[in-house]
Structures are given as C-alpha cells and as structure tokens.
Number of protein chains: 2
Amino acid sequence: MNPVTIAIILGLLAILYGFITSRQVLGAPAGSDKMQEIAAAIQEGAQAYLKRQYSTIAIVGVVVAIIISLTLGHISAIGFVIGAILSGVAGFIGMNISVRSNVRTAAAAQTGLQAGLTLAFRAGAITGMLVAGLALLAIAVFYWYLTGPSGHTVGGEDRTVVQALTALAFGASLISIFARLGGGIFTKAADVGADLVGKVEAGIPEDDPRNPAVIADNVGDNVGDCAGMAADLFETYVVTVGATMILTALLMKGIANFEGLMALPLLIGGVCIVTSIIGTYFVRLGGSQNIMGAMYKGFLVTAVLSIPAIWWAIDYALGDIGAEIGTTGFSGKSLFHCALVGLIITGLIIWITEYYTGTGYRPVRSIAKASETGHGTNVIQGLAISLEATALPTVVIVAGIIIAYQMAGLLGIAYAATSMLALAGMVVALDAYGPVTDNAGGIAEMAGLDDSVREKTDALDAVGNTTKAVTKGYAIGSAGLAALVLFAAYTTDLREFFPDLDVDFSLENPYVIVGLLLGALLPYLFGAMGMTAVGRAAGDVVKDVREQFKANPGIMTYESKPDYARTVDLVTKAAIKEMIVPSLLPVLTPIAVYFAISFVAGVENGFAALGALLLGVIVGGLFVALSMTSGGGAWDNAKKFIEDGHHGGKGSEAHKAAVTGDTVGDPYKDTAGPAVNPMIKITNIVALLLLAALAAG
Amino acid sequence: MNPVTIAIILGLLAILYGFITSRQVLGAPAGSDKMQEIAAAIQEGAQAYLKRQYSTIAIVGVVVAIIISLTLGHISAIGFVIGAILSGVAGFIGMNISVRSNVRTAAAAQTGLQAGLTLAFRAGAITGMLVAGLALLAIAVFYWYLTGPSGHTVGGEDRTVVQALTALAFGASLISIFARLGGGIFTKAADVGADLVGKVEAGIPEDDPRNPAVIADNVGDNVGDCAGMAADLFETYVVTVGATMILTALLMKGIANFEGLMALPLLIGGVCIVTSIIGTYFVRLGGSQNIMGAMYKGFLVTAVLSIPAIWWAIDYALGDIGAEIGTTGFSGKSLFHCALVGLIITGLIIWITEYYTGTGYRPVRSIAKASETGHGTNVIQGLAISLEATALPTVVIVAGIIIAYQMAGLLGIAYAATSMLALAGMVVALDAYGPVTDNAGGIAEMAGLDDSVREKTDALDAVGNTTKAVTKGYAIGSAGLAALVLFAAYTTDLREFFPDLDVDFSLENPYVIVGLLLGALLPYLFGAMGMTAVGRAAGDVVKDVREQFKANPGIMTYESKPDYARTVDLVTKAAIKEMIVPSLLPVLTPIAVYFAISFVAGVENGFAALGALLLGVIVGGLFVALSMTSGGGAWDNAKKFIEDGHHGGKGSEAHKAAVTGDTVGDPYKDTAGPAVNPMIKITNIVALLLLAALAAG
C-alpha cells in the first residue's frame, strides 16, 4: 500500500480513538447539580470566548488568504485556509473535551486518586490524539490530493506542492499565535486579577465562589492552557513535518524512490500515533502512588515502541533501509539514527524540565527556601532559576544538531525534529491533562466538596504544572530544529528563485549581524507586549471585581451571587484587543526588514539580513521561551511545595512571597513564553512566502 | 608633533585635572565628627574589601600571565600585566575618591542643592578623567614604547605589537569582570540583605545606624558602583580603542600614512579628554533647579565641542582629511562622519535610558502604578519594561552599524565605537557621581542630619539611578560595536595565520548555528550565577544580622553599637568566593568550544563555531544586559517616585510592592547586567589569543 495511504488510515485511527475515548469520558458521572452548574458556567464562558476569538482571527485570516491568493495562487490560498481552520478546530476540540471532563474528574476524584488520574489523563489523551491525527491528516490528505487527483508533481519545475505546503503551515501558525497569545492573555489576566483582588485584597481563598473572577479564571485554563496549547502543538506538528517534506522536495529531487522519501515523514507520524495510543494505556499509578511515575511509564512505552515502528516505516517507505539515498552518502539507517536522536532529545527535555519544575529537586526548593526571606528574594531566585534553566536544554539541542548533521546532513536534523513531533500525541496528552485537573480542583472548591477531594486534585495539578512546562520546552526545542530546516529551505529557495544573486550569509557581512540583532529583538518585544497586556487586563479585572463587591455587598455574605458572566465578558474583550498587535509583529517584521535593508544596501543584503533575522529569532527566542516557561513552572510549584507544609506552610510569610512569585510566573509561563514558539515559525514561513511572492511578482 | 605624543600629553592632562580637582574636593569641609566617624568606617571597609579582592585576582592574574608568557612571549605578558594593573588602579582610585567625597557631599548639601551637586559631580569627574586618562595612557605609552624604543614595526610580518595590544586589552577585561562581578555581588548582597532584615523584618528605616549591615551597604556602593564601574569602563575604553588599532593594523597595512591612521584613535581619545574637562564646568543647576538638566548641559557641551575637535584630530593625524585612505574608496571625512555617528548613538542611548529609567516618563510611572495592585503586578510590569527597554537601543545600534559601514566599512564601525568611548571621561563622571550621593544620603541619615539634607541627597540620588543606567547602556552599546570589530580581527587573523584553512562562517553551516546558540547561552548562565550568588550572600547577611540582634538586644535601643566590621567581613568573603566561577566562564568556554567542535567536526568547523560563539555572546548578551540594567533602574526609580508621595507614598501597600521590585532590580542592574559587558569582550579577546597561541604552537 502507498505510504501516504497508510499515514491517512493511521491518522483516521487517531480520530477514531478520540471518538471512542470521549464516549467513555462523557459517560462518566458528572457529579452533583451544583458541580454541573459551575461546570456549565465555565463551559459557556469558554465557548463564548473562543467564538469571539475565532471571529476576530477570521477577519485577519480572510485578508491574508486574499493576499496569498493574489500573490501565490488559489492552491496556496486553499492550503492556508485548511491549515488555519484545522488549527482552530484542534483548539476548539481541546477546549470542548476539557470543559466536559473537568467536572467528571472532580467527581471521579471522590472515589480515589487513580480514578481521577484516569479520567483526567483520558481527557488529555483525546486532545493529544486529535491534535496529532488532525495535523497528520491535514498534510497527508492535502499532499495526496495535490500529487494525485490534482495532478501536480514534486521535485521538478512545478512549485505548487511546496508552496501549498508552506501556505498550509502558515495558516496553522498564524491561527496558533493568536490562539496562544489571546488565550494566554485571557487565562493569566483572569488568574492574576482573581488572585490579586480575591486572595490579596478580600482575603478569600483561591477558587472561592464569591469571587466574581473565579469563573473567568477557570475559563482561562480551558481557552489558554487547552485550546491555545492544542492550536500551538497542531502548528508545531504541521510545520515540522511540512518543513521536512519541503526540504526533501528541494534537496533530494531526482533521486531514486523520491516519492517514498517524500512520504516518509507522514508514515513516521502515522506509526507513532499507534505507539502513542498504546502508551496511553500504561499511564497507571504503581504501588508508590507516584503520579509523575505513571506519566513516565506511558511516555516510555510510547518512546520504546516507536523505535521498531520508525525502523519499519523507513524500511517500508524506502524499500530498503540500508540502501544509500541518492548520492548523499547516507542511508535510511542514518535517518533512523537521526530519528532516535529526536526521541532521545524528547526524553532528555522531559527529564530536564521535571528537574527544573518538579517539587522534588534543588531549583523549586531553592525558590521555596528563598521565600522565607521575602517577596524580593523569592523573585530573585526564581529569575536566577529561569536563566539557568536554559542551559541544559540548549546543550541537548546543540548536541542533537551536531549528531544528526554528522549522520545525515540537514535532512538528518529534519528527521530528528520529525521524530520529536511524531510523539506529539503522547506529549499533548500529558499536557492537556493539566488544565482538566486544575479546573477539577476549582470546581471541587466552589461546589464545597470534601477537602480530601481537593487534596487529590491538587496532587494531580502539581504534576500538571510540570507536564505543562514539559510541552513548552519540547515545542520550543523542536522549533529550534525546525527553524534550521526552514532556514535551509529559505537559502535553497533563494538560489532557485534568484540564481544570479550572490547573497552573502557569512557572519562577516554586517547586514547578517543586523539581521541577527533584529531577529533576537523580536521575542523580547513580543514578550514585553504580552506581559504588559496581562498586567493591563488583570488591572481591569481588579477594578471590575472591586465594583461588584461595592455595588453588591451581599456577595461576601453569600446572600447574592456575583455576576460571573460580566467578568468573563470583560476579560474576553481585553484579551482579543491585546492579542492583535503582538501577533502581527512576526508577520510584518520580516517584510519590513527585507524592504528596508534592500533599499539601503541592495537586494542581496536585504535577503542576507532577512535570512539572518530568521536565525536571530530562534537564537533569541529559544532562551526567552525556555527561561520563561521553566521559571514560571518552578515558581508555581515552589508555592505548591510551601502549601504542602514546608517553610511554614499556607498562610505563612513564605507562602505570601511564594504567591507573588507564582503571580509573576503566570504571564511568563502561560502567555509570553509559549507564544514565542509559533512566533519563531511564523517569521520563518513569512520569509519563505515572501521569497515566492517576490519571485512570482 | 607626533600624534601619539600629543595623545600622551592630553592623557597626562586628564591626570593633572584629577589631581587638581581632588585637592579642591578634599579641601571641602568634611562635616561633624559623627559624620567623619561613619565615613571612616565605610572607607575602612571598602579598602579592606578591595585589598582582598585584588589579592585574589592577583593569583589568577599571575597564572594567566605565566600562560601568556609561555605561549605568546614576554612582551604580550607585559601588556597583560599593564592592562590588569591599571584596570585595578582605575577601580582603586574611583573608590578612594568616592569614600572621601561622600561625607563632604553630605556636608555640602547642608548649604544647598547646588553645593551638593557640585561636590558630588566633581568627585565623579575626577574618577571619569582618571579612568579615561589612564586608559588612554596605557595604550598610547605602550604603543609608543613598542614602536619606538623597542623597535617593533606594525603592519608587516612582526605580530608583536598587535598581540601585545590584544594582551593589554585582555588584562584590562579580566580584572574588570572580577571587579564588576565581585563588587556587584558585594554591593547587592549587602543592600538586599540590609533591606530584608532591616526594613522588612525589624521595621527600621533604610540606612538606620542600628542595622549591622548598614555600613556594608554603603561600602558596597563604593566597591561595586564605583570601583567595579571604573574598572569596567577602563576596560571598555582600552578594548575599543585597542580593537580599532588592531583592525587598522590588520586591514590597512601598506597604505600611505599608515602610522598616522594607527595613531588616530589615540589622538581622538586625547582631544575628547579636553572637551570632557571643559564640559564638566557646565554642569550647573539652572533656574529650574533641574538636576538631570544640569547633567545634560555638561554632556552636550562636551559632545558639541568634540565635533570640531575630532575633525581637527583626523585632519592632523592623516595630514589631509579629504584624501582617500589607501585604496579603500573612503577618506578621513568618512571617518569623521562615522565618529559623528558614534556621538549621536551616545546621545540617543542617554536619552532612551533616561526615558526608561527617569521618574518623569511612562515606563517608571507604569511600574509605580502597577505597585498599587501588589508585589506581583509590580514585578510583572517591571519585567515587561525591562524586556521592552531593549528595543530602541537595539534599533539605534543597528542603524549605527548600517550607516557607519556604508560610509567606511568595518573601520567605520570601529570609529563609531571609538568616538563613543572618547566621551568616556564625561560619561563616567555622570555615573561616578551616583554612588557618592547615595553614600552621602546614608551618612546624613546615620549621622542624624536634618531631614532637608536627606531630601537634597535623595533628589541627587534619583538622578544618579538614571545616570548609572546610562553608563551601562552606553558600555553595552559600545560593546556591540566593539565586538563586531573584534570579530573582524578574528576572521582576518584566522586567514593570516591559517591561509590554507577554508573556514565557512555562513549561517548555512550548522556549526555556526551551534556556536551562536552556545554563545547566546553564556550571558544567561552567567546571569543565573550572578543572581544566585547575590541571593545566597544576602541570605548570609540576614542570618548574621539576626544573630547580632539576638545576641545584643541593646542594639535596638541604641545602648550598644552593632559590629559593622563583622558584617563587612562576611560579605567580603562571600563576594570573593562567588565571583570566581562565573568570571572564568567566558575565559574557558571559547577554548572548550573550539577543541570540542574541532574534535567532532574538524578544525575548520572548530574555528567556525568559535567565531559564531563570539557573535552569539553579543547577540544574546546585548539583550540580557540592556534589559537587566534598564529594568533595574526603572524599578529603583518607581520606588523613589512613590516615596515622593505618589500612589500612597512611603509606608503604603504600593510602597511595599515597590520595595520588592527594587530588591529584584538590584542584582539585575548592579550585578548580573553590567558584568555582561566585560564578559562579551573577554570571550572575544580569548578567541584572538587562542588563535595566536595555536598559530605559534
């Protein structure tokens, strides 16, 4: 059977898994009326937000689609639209599963830790498999259609397929940056605002039903950590696998079994969906009741099974895994070894992230300890950890680049990235589990369930903080590799489109330095905008809640209910408004830099600066993203560690300092940090599209 | 007269200015016995610290000198020793002036704001002129000796002079990173520790004599902000002017009037000493009593007078400013325009820094406003501002690179950097004024002077926060340009030493990406170590003070005096211990990366990765340093803005939050951030020396 067909079937398998498992999850008891009422409010708010977010993005999307259609043709525009819509669908599904399983997880936690874990993790697994399955199907079906019914060829003069795949990736990225940033601003504005006015001012606990912002806070977990994350990982998958295929099309054309090599990334994605599904069934608490251990078990099973599965995929797609590929000097076996490198990078990043954000190790404990001497030392130590946390992942990524490149050149780096993303189903499952348990805890608190239930959901949630950080490290790490692949596509394209230009990408060319500096600036400016947006929107929340308390004193005495919907609506408007400008930054900057430098120093230097900008974004962005996501996770768990009874426990001065650290970490880890990943990719893809448009124009 | 001789005479003029002005300053009344007693304690502590710091550095210095002597010969070793010793001397003098003028400034502030300003600024100007004068003399005299009495030639086969100048720069940089970091750890550990245990725990005001850490805090201002800063700027001056001469020697050899072009950077430095001295006499309060305005006046006079002065210098050194230089296609006039670019960059960076750290503008006010909603939002907004503050300086530096390069190639960039540093006398004067006023405030408080005195010193100090941030932005901005020059020297040297190697510095070479990533990692890791060190040492201070309060309850009732010396000694030991490892990071990393990559991927890629590492350090470091120094300054002044009676004023909840932000900003702006500047240069210089050693070995 054609490898593309097999990939499509396996993609459908992921969708099937999603349907079956969601029936199981939705069949579980949904708790008391009160719990269901709270859950309904969260659900309603999340749907209202996503509806408004997607309507706004649609306007941008339509404009961009028209521009693409006019400059690059209809097929590319269709690719863009497919990428955009499916990215939105991935987010929507993620949110929908999450808002239905949160209350069921709270209900299940009443019977035991294992029951709560099973339900929350299954909910996560649905999102995970649907993200991976949809992403795989998007590329595979589109590729099948273009090279089959539509009759285009790849690897020759016809650039349609390569451009259409690029446009598909752009659609996915553009939606995902809006979703990540808009959702991120929503969730953290609500969270920070609720904490400030509730915990700090009114002195009521987190998730107290009297706090008008409490529903908005829980809505935020779903639209940010769940919908935003799902759109982001969909994008990462599409871009990585797409970039590998584009690089293959550009570098490998004319070799024997070119079609097999083109289809190989899809087949690897397909077989790893099977191994991910199998892995989900191994997430079970052992005798030690170690939740992180249960997660590890599932991941390890998936990773180990993926090794023979990828071997088979390469052997099947290429016909013979040992034969040399074209005249490259390397064989399918080399690609297999590169894929192993990708699996090892994934494992190491998970392990490093757990070290930096888990409550059992030095970093989190050092922040907890520093909280004893006050707010200032908590934040100083948290910042120190966030800076430090960039080191090991960078070394791992650098080692991965070197090893993969030694084995199979640029294509080797592409395969390392592809095999990382092939595990996305499993990794997203681990991540999406987090917001479900976070919400479950909120519902348990608001519905007045027994404290033992909250204890269980808190234990699940603490692991969720780590798994959420893991996905972000994983996404940004893979972005580091994918950006190299995209840069290679850029330089190859440049030579093909403009064979007469002599573009100097050497570090000795000052315009390269200029590009690197401007590229590295982007994540800083983007981060600044994201952080400011959260601060501003959180301030609005504080004012709104103060007004509600003042206008309706019955709220504090439980005599009347706060107007949750009003706060949700306010945060919605603020998040939508704030997400626009920063999201357009990576779209417009590459275009502006190209034209500005071309004007000043000629077209060659314009292209050189643009190329350097692409690498500057990744060199700058990798560190900004890693430091923000790890640091934020560490601050959050330092607070949890103190709440577990260390350094004075809840209510102590150390706890207050830790709450400050957690508040600071919130926009770091959930708004600015994770949105850097799609930002890097957008910059790169816009450059590719600009090249194509300039060549066509 | 030979331009080198003129430069030496003008360098001596700076020293003469220093002597005359210090007589004036030391002749001013030193206040009451109590004030003198306090000042003596600070002086003693500062001298004890510097003595221990320099003894420790001396051990490292001797080892490095021996290595240089064995690999590169005696003359280079002598150059290294001269750079190292004079860097130490610059720091020592800066500290010495500062500890004598603090008490006199406090005394002068009793008579009026202008009197306080004059005294403090004169003290700063002494340090400024001595730093610039010593730096100029170090290079000029050494260069004169090598090319005169010692009989070496430049621009031919004899590499002695170039290597000796490189070694001189290395000596200056190595000492300055220790001084910046050691002093930075000392000052902030004492500051943070004193605040935590005094203001927060014991509820006594800042600079209260009952706090055993209060003398250590004031000592810190002198050994960190003064001695560390002076060593840093000495280093920046030597490296920038030295790099311009090295680049000239490598690129321009064989042209007519080569000697004149070699001497030109020295002559520019010399004439700007004269303009800087004149400028100092224009720092006077106008009718508006605007302190920052007075500073601006002095700087503007210097900058404007420097324009004709630099024109004259170029015309004199080259014989004819309009004639083409060699066959480069540009003339002395082009270099003059590049020098103007440098002056404009300096002015813009001062203006941008004032915008981001002054109390009159949006950034600082937004942090002050965010303090109303608590510690968390203060820190979030401060971090947002620190990220944002990187944007405009980067754009200015990028524009400067483009314009200077268009006008006179790499040499143009070098001249832009040189003219920036030519103003160092004036810029350091503005900076060194800060710690003097800070100390004066402390002495006024401890000696129980009238509140009106403290108000005046506080007003002077608030401007000091901005001018301190200005110098850091200026130093790191010039480092951006200087690093490009050093990188050009690296690639030129590489071709000269190893003409057969084909080193690929293109961004398409993955080992270049590896180098960029590892380079960008360095400032993060370095920053993490610096921040952690401050946190740890501040914790020790807290414990020590708690013990003193417990063992001696009479302290709080003024019945007995705390043991100030014990705390000073403790911080001294901690700072010395903590500075070693991070300071060696930039020395050892380039060597390790070269050998590791050479081993894995061949010597060509080893050199490529090392070159990329040099640019990675600057691309990563520029943003880390700019964000930390501006953010820290903004936090500090946000607190001052609240203390001036906004948002509830002193003692309000907003003020408490602002104190937290200030504490966080302390190690940001005074430890980790500024030390990135010498770190960048060390990495680059070590690479140059490694090249020479490999070629010789």
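Residues numbered from 1 in each chain as written. Chains lettered and ligands numbered in written order. Predicted model: local features only at pLDDT ≥ 70, side-chain atom pairs only at ≥ 80, totals over all residues. Heavy atoms only, no water.

(A) Region of the structure containing the overall build of chain A. Check the secondary structure of chain A and you find 18 helices and zero strands. Projected onto its principal axes, the C-alpha positions of chain A cover 75 × 55 × 45 Å. The buried share of chain A, taken over its 697 residues, is 70%. Looking at chain A alone, contacts between residues at least 24 apart form 83% of all its contacts between residues at least 6 apart. Summed over its atoms, the accessible surface of chain A is roughly 20200 Å², and 62% of this surface lies on carbon and sulfur atoms. If you average the places of the 38 positive and of the 52 negative side-chain charges in chain A, the two averages end up 6 Å apart. (Helix = DSSP H or I, 4+ residues; strand = E, 2+ residues; numbered from the N terminus. Buried < 20%, exposed > 50% of the residue type's maximum accessible area, 1.4 Å probe, protein only. Contact = heavy atoms within 4.5 Å. Areas by Shrake-Rupley, 256 points an atom, 1.4 Å probe, with all protein chains shown as cover. Lys, Arg positive; Asp, Glu negative; His and termini not counted. Charge placed at Lys NZ, Arg CZ, Asp CG, Glu CD.)

(B) The arrangement of the packing of helix 12 (residues 391-422) of chain B against helix 14 (residues 451-497) of chain B in detail. All names here are of chain B. Here helix 12 crosses helix 14 at 115 degrees, and the two axes come no closer than 9 Å. Looking at the two axes, helix 12 sits roughly perpendicular to helix 14. Crossing of helix 12 over helix 14 shows left-handed handedness. Here helix 12 contributes I397, I401, L410, I413, A414, A416, A417, M420 and L421 to the contact with helix 14, which in turn contributes Y474, G477, S478, L481, A482, L484, V485 and A488. (Axes fitted to C-alpha atoms, helices over the stretch in contact; angles between N-to-C directions. Parallel < 35°, antiparallel > 145°, perpendicular 65-115°, else oblique. Left-handed = near helix turned anticlockwise from the far one by under 90°.)

(C) Examining the UniProt feature "site: Determinant of potassium independence" (unreviewed entry) in chain A more closely. Residue and element names in this part refer to chain A. Under the present numbering, the feature "site: Determinant of potassium independence" (unreviewed entry) in UniProt falls on K468. Mapped onto the fold, K468 is located in helix 14 (residues 451-497). By relative accessible area, which is 7% here, K468 ends up buried. (UniProt positions renumbered as here; feature names shortened; annotations may be inferred.)

(D) Expanded view of the relation of the copies chain B and chain A. Note on the copies: chain B fits chain A at an RMSD of 0.0 Å, the axial shift is 0.0 Å, and the rotation between them is 180 degrees. Taken together, these values place the two copies in the relation of a two-fold axis. Using C-alpha coordinates, one finds that chain B approaches the rotation axis most closely at S506(B), a distance of 2.0 Å. Comparing contact sets, 100% of the residues at the interface of chain B also lie at the interface in chain A, consistent with an isologous, same-surface contact. (Least-squares fit on C-alpha atoms with pLDDT ≥ 70 in both.)

(E) Up close: the pattern of salt bridges. Inspection of every chain in the model, using the stated rule, returns 58 salt bridges over all chains. For D225(A), the salt bridge identified is with K468(A), shortest N-O distance 3.0 Å. Residue D225(A) is located in helix 6 (residues 214-251), and its partner K468(A) is located in helix 14; the two are separated by 243 residues in the primary sequence. Here D225(A) and K468(A) have matching classes, each one buried. As a salt-bridge pair, R566(B) and E547(B) come within 3.2 Å of each other at their nearest N and O atoms. Pair noted here: R566(B) is in helix 16 (residues 564-643) and E547(B) is in helix 15 (residues 510-551), with a separation of 19 residues, a long-range link. Exposure remark for E547(B): the relative accessible area of 48% places this residue in the partly exposed category. Because the salt bridges share partners, they merge into one network encompassing K188(A), D191(A), D225(A), K468(A), K472(A), D636(A), D666(A), K669(A) and D670(A). (Salt bridge = Lys/Arg side-chain N within 4 Å of Asp/Glu carboxyl O.)

(F) Summary view of the packing of aromatic side chains. One pass over the full model with this rule turns up 32 aromatic pairs over all chains. Relative to Y524(B), the ring of F623(A) has its centre 5.1 Å away and its plane inclined at 25 degrees; by these criteria the two rings are stacked. Remark: Y524(B) occurs in helix 15 and F623(A) occurs in helix 17 (residues 603-643); the pair is interchain, linking two chains. Using a relative accessible area of 1% as the deciding quantity, one classes F623(A) as buried. Accessibility expressed as a relative area gives 4% for Y524(B), which makes it buried. Through pairs of rings, three or more aromatic residues link up here, namely F498(A), Y594(A), F595(A) and F607(A). (Phe/Tyr/Trp six-rings, centres within 6.5 Å; stacked < 30°, edge-to-face > 60°.)

(G) Representation of a nonpolar patch on the surface in the model. All names here are of chain A. A surface patch of nonpolar side chains, about 420 Å² in accessible area, is lined by M1, I9, W312 and Y316. Mapped onto the secondary structure, Y316 falls in helix 8 (residues 291-318). Y316 sits in the partly exposed class, given a relative accessible area of 32%. (Patch = residues over 30% accessible without salt bridge, like charges linked within 9 Å, V, L, I, M, F, W, Y side chains within 5 Å.)

(H) Representation of the interface of chain B and chain A in the model. Counting residues at the interface gives 65 residues for chain B and 65 residues for chain A. In this assembly, chain B packs against chain A so that about 6000 Å² is buried in total across both faces, 81% of it on carbon and sulfur atoms. A salt bridge links R495(B) to E508(A); its shortest N-O distance comes to 2.7 Å. Put simply, chain B and chain A have 10 residue pairs in polar contact (both at pLDDT 80 or more) between them. At the level of secondary structure, the elements contributing two or more residues to the side of chain B that touches chain A comprise helix 5 (160-202), helix 11 (375-388), helix 12, helix 14, helix 15, helix 16 and helix 17 (653-696) of chain B. A per-element tally of the side of chain B that touches chain A places helix 15 of chain B first, with 18 residues. Its residues assigned to classes, the side of chain B that touches chain A shows 45 nonpolar, 16 polar and four charged. (Buried area = accessible area lost by both parts, 1.4 Å probe. Polar contact = N/O pair within 3.5 Å; in protein donor to acceptor, adjacent residues only side chain to side chain. Nonpolar A, V, L, I, M, F, W, Y, C, P; charged D, E, K, R; others polar.)

(I) Structural context of the environment of N290(A). Residues and elements named next belong to chain A. Its location among the elements puts N290 in the loop between helix 7 (258-280) and helix 8. Among the residues examined, N290 registers a relative accessible area of 38% and is labelled partly exposed. A sequence separation of 295 residues divides N290 from L585, and the C-alpha atoms of the two residues are 43 Å apart.

(J) Looking closely at empty space enclosed by the protein. All chains considered together, the criterion is met by 17 cavities of 30 Å³ or more. What lines the largest cavity is a set of 16 residues, and nearest its centre among them are L387(A), Y668(A), L387(B), Y524(B) and Y668(B). Of all the secondary structure elements, the ones that give two or more residues to the lining of the largest cavity are helix 11 (375-388) and helix 17 of chain A together with helix 11 and helix 16 of chain B. A class-by-class count of the residues in the lining of the largest cavity yields 12 nonpolar, four polar and no charged. (1 Å grid on protein atoms, 1.4 Å probe; cavity = no way out; pocket = protein on both sides within 12 Å on 5 of 7 lines; lining within 4 Å. Points joined across faces, edges and corners; volume = space filled by probe spheres on them.)

(K) Geometry of the packing of helix 12 (residues 391-422) of chain A against helix 17 of chain A. Residues and elements named next belong to chain A. Direction vectors running N to C along helix 12 and helix 17 enclose 135 degrees, while the axes themselves pass 10 Å from each other. Considering the angle they form, helix 12 stands oblique to helix 17. Here the hand of the crossing between helix 12 and helix 17 comes out right-handed. Contacts between helix 12 and helix 17 involve P393, T394 and I397 on the former and, on the latter, L622, F623 and L626.

(L) Inspection of unusual backbone geometry at higher detail. Backbone geometry at H647(A) places phi at a positive 50 degrees, although glycine is not the residue there. Relative to the assigned elements, H647(A) resides in the loop between helix 17 and helix 18 (653-696). Overall, H647(A) belongs to the partly exposed group, its relative accessible area being 25%. Phi at N257(B) is positive, roughly 55 degrees, even though this residue is not glycine. Examined against the element boundaries, N257(B) turns out to sit in the loop between helix 6 (214-251) and helix 7 (258-280).

(M) A look at the confidence of the model for chain A. Of all residues in chain A, 100% have pLDDT values of 70 or greater, and the mean over the chain is 91. In the predicted complex, the global pTM is 0.94; the interface-specific ipTM is 0.94. (pLDDT = per-residue confidence, 0-100.)

(N) A look at helix 17 of chain B. Residue and element names in this part refer to chain B. For helix 17, with 44 residues, the first-to-last C-alpha span of 64 Å sits near the 64 Å given by 1.5 Å per residue. Where helix 17 bends most, at V676, the angle is about 35 degrees, and the proline P678 comes one to four residues later. The element helix 17 is largely enclosed, with a buried count of 38 among its 44 residues. (Expected span 1.5 Å × (residues − 1). Bend = angle between axes of the 7 residues up to and from the residue.)

(O) Seen up close, the state of the cysteines. Tallied over the entire structure, the rule returns zero disulfides over all chains. Just so you know, C338(B) is unpaired, no disulfide at all, and the nearest cysteine sulfur is the one on C272(B), 15 Å from it. (Disulfide = S-S within 2.5 Å.)

(P) Structural context of the environment of L481(A). Residues and elements named next belong to chain A. Looking at where L481 falls in the secondary structure, it is placed in helix 14. In this structure L481 comes out as buried when scored by relative accessible area, which is 1%. Spatially, the C-alpha atoms of L481 and L690 are 22 Å apart, while their sequence positions differ by 209 residues.

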